Amino acid sequence: MLRLLIEPIVRAALAEDLGRAGDITTDAVVPANAEVTALMVARQPGVLAGLEAGLLAFELLDRSLRLECLCADGSRLERGQAVARISGRARPVLAAERVALNLVCRLSGVATATRSLVDAIEGHKAKIVCTRKTTPGLRILEKEAVRLGGGANHRFSRWPAASGRRSNAPAPRPAISSRSNSKSIRSTSSPRPWSMASTRSCSTIWTRRPCAAPSRWWPAAP
């Protein structure tokens, strides 16, 4: 994917996470000259997407970091499979970690959900096609994730194609409704069993350097 298109998205994500003060926790507890090696590891099977954007987060904070792709976007991953290795100064690695993982996990979740639907219709003439119902600001990345999962893209915005819905067609059922006798808001859409896949698909394992055998430096997620 063209870096010109994704760099503004990654920069905005870093600015949102670091704010004006930066990563004050890391700066307070990690020595400025400390170095680490980090592995991005799949926590469950799925389809990889968004790795280019994720690694760009590290590069934008420190161009001296050594970034190694161990899998290509679109690859099918097994649980525990290493996706990328990041080495260099600890502070920028830790500062970019969450933004990188958020992007990779979210987009891998989209690609994995798409692949499950594509596999479900295998042998039929139907095609899985995405619409404009994307996360604001992430459309180009989510559209690419759908493609990596085996789906196809429809229009990217209002102008490339008409929707084809007639003006006298019945109004669509609202996705969100509320009840007058309750303050809660409930969804009328059917539950999506894959909706949580994007939040727990990747994690990092941190190791001190140099060492003969890597030791756990960061607590593993439950």
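Residues numbered from 1 in each chain as written. Predicted model: local features only at pLDDT ≥ 70, side-chain atom pairs only at ≥ 80, totals over all residues. Heavy atoms only, no water.

**Q** I'm lost on the overall build of the protein in this one. Help?
**A** In terms of helices and strands, the protein carries five helices and 10 strands. Expressed as a percentage of its 222 residues, the buried residues of the protein come to 37%. Taking the contacts inside the protein whose residues are at least 6 apart along the sequence as the reference set, 72% of them involve residues at least 24 apart. On the protein, roughly 13900 Å² of surface is accessible, and the fraction owed to carbon and sulfur atoms is 55%. (Helix = DSSP H or I, 4+ residues; strand = E, 2+ residues; numbered from the N terminus. Buried < 20%, exposed > 50% of the residue type's maximum accessible area, 1.4 Å probe, protein only. Contact = heavy atoms within 4.5 Å. Areas by Shrake-Rupley, 256 points an atom, 1.4 Å probe, with all protein chains shown as cover.)

**Q** Any chance you could explain the nonpolar core here in plain terms?
**A** Nonpolar side chains tend to gather and get buried jointly when the protein is soluble and globular. Formed by 44 residues in total, the largest nonpolar core has its most connected members in Val 10, Met 40, Phe 58 and Leu 141. Breaking this core down by element, the ones donating at least two residues are α1 (3-18), β1 (35-42), α3 (51-61), β5 (82-89), α4 (90-120) and α5 (139-148). No other element matches the 12 residues that α4 contributes to this core. Other than its neighbours up to four places away in sequence, Phe 58 contacts Met 40, Leu 65, Leu 67, Ile 86, Pro 92, Val 93, Ala 96, Glu 97 and Ala 100. (Core = buried A, V, L, I, M, F, W, Y, C linked by side-chain atoms within 4.5 Å.)

**Q** Where do I start with the environment of Gln 44 in this structure?
**A** Along the chain, Gln 44 turns up in the loop between β1 and β2 (46-47). In the structure, Gln 44 is positioned 34 residues away from Glu 78 in sequence and 6.4 Å away in space, judged by C-alpha atoms.

**Q** It is not clear to me how the pairing of β5 should be interpreted in this structure. Could you clarify?
**A** Side-chain direction in a regular strand flips from residue to residue, so the side chains alternate between the two faces of the sheet. Pairing geometry for β1 and β5, over seven bridges, is antiparallel. Residue Met 40 lies in a different strand from β5, and its bridge partner there is Ala 84. Bridge count between strand β3 (residues 66-69) and β5: four bridges; the pairing is antiparallel. Note that in β5 the partner of Cys 69 across the bridge is Ala 84. (Pairing = 2+ DSSP bridges.)

**Q** Is there a simple way to think about the confidence of the model for the protein in this case?
**A** Caution applies to low-pLDDT parts of the model: their predicted coordinates are not meant to be read in detail. Across the protein, the average pLDDT comes to 81, with 71% of residues at or above 70. Below a pLDDT of 50 lies the segment residues 175-201, which in the model reaches 31 contacts outside its immediate sequence neighbourhood of four places, other chains included. (pLDDT = per-residue confidence, 0-100.)

**Q** Please explain a nonpolar patch on the surface as it appears in this structure.
**A** Together, Leu 2, Leu 4 and Leu 5 make up an exposed nonpolar region whose accessible area comes to about 350 Å². When you line up the elements, Leu 4 lands in helix α1. Overall, the relative accessible area of 73% leaves Leu 4 in the exposed class. (Patch = residues over 30% accessible without salt bridge, like charges linked within 9 Å, V, L, I, M, F, W, Y side chains within 5 Å. Salt bridge = Lys/Arg side-chain N within 4 Å of Asp/Glu carboxyl O.)

**Q** Explain the environment of Leu 48 here, please?
**A** The topology assignment puts Leu 48 in the loop between β2 and α3. You can call Leu 48 buried: its relative accessible area is 0%. In the structure, Leu 48 is positioned 35 residues away from Val 83 in sequence and 8.4 Å away in space, judged by C-alpha atoms. Ignoring sequence-local partners within four residues, the contact set of Leu 48 consists of Cys 71, Ala 72, Asp 73, Gly 74, Ser 75, Leu 77, Val 83, Val 104, Ser 108 and Leu 148.

**Q** Hey, could you run me through the packing of α1 against α3 in this one?
**A** The axes of two packed helices give the description: the angle between them and the distance between them. Two elements in contact, α1 and α3, have axes whose closest approach is 9 Å; the angle formed by their N-to-C orientations is 65 degrees. At the point where α1 passes α3, the crossing takes the right-handed sense. Contacts from Arg 3, Ile 6, Glu 7, Val 10, Arg 11, Leu 14 and Leu 18 in α1 reach Glu 52, Ala 53, Leu 56, Ala 57, Glu 59, Leu 60 and Leu 61 in α3. For the contact of α1 with α3, the per-class residue count stands at nine nonpolar, no polar and five charged. (Axes fitted to C-alpha atoms, helices over the stretch in contact; angles between N-to-C directions. Left-handed = near helix turned anticlockwise from the far one by under 90°. Nonpolar A, V, L, I, M, F, W, Y, C, P; charged D, E, K, R; others polar.)

**Q** Please explain the state of the cysteines as it appears in this structure.
**A** Simply put, disulfide is the name for a covalent bond between the sulfur atoms of two cysteines. If you walk through the whole model with that rule in mind, you get zero disulfides. The structure places no disulfide on Cys 69, whose sulfur is separated from the nearest cysteine sulfur, that of Cys 71, by 9.2 Å. The class for Cys 69 is exposed, based on a relative accessible area of 53%. (Disulfide = S-S within 2.5 Å.)

**Q** Would you mind going over the pattern of salt bridges with me for this structure?
**A** A side chain with one charge may pair with a side chain of the opposite charge, provided their charged atoms come close. The full count for this structure, using the stated rule, is 11 salt bridges. Of the charged contacts in the structure, one is a salt bridge between Asp 27 and Arg 91, with a shortest N-O distance of 3.8 Å. Of this pair, Asp 27 sits in helix α2 (residues 24-29) while Arg 91 sits in helix α4, placing them 64 residues apart in sequence. Residue Asp 27 is classed as partly exposed on the basis of its relative accessible area, which comes to 39%. Arg 91 sits in the partly exposed class, given a relative accessible area of 24%. Put simply, Arg 89 and Asp 62 hold a salt bridge, and the shortest N to O gap is 3.1 Å.

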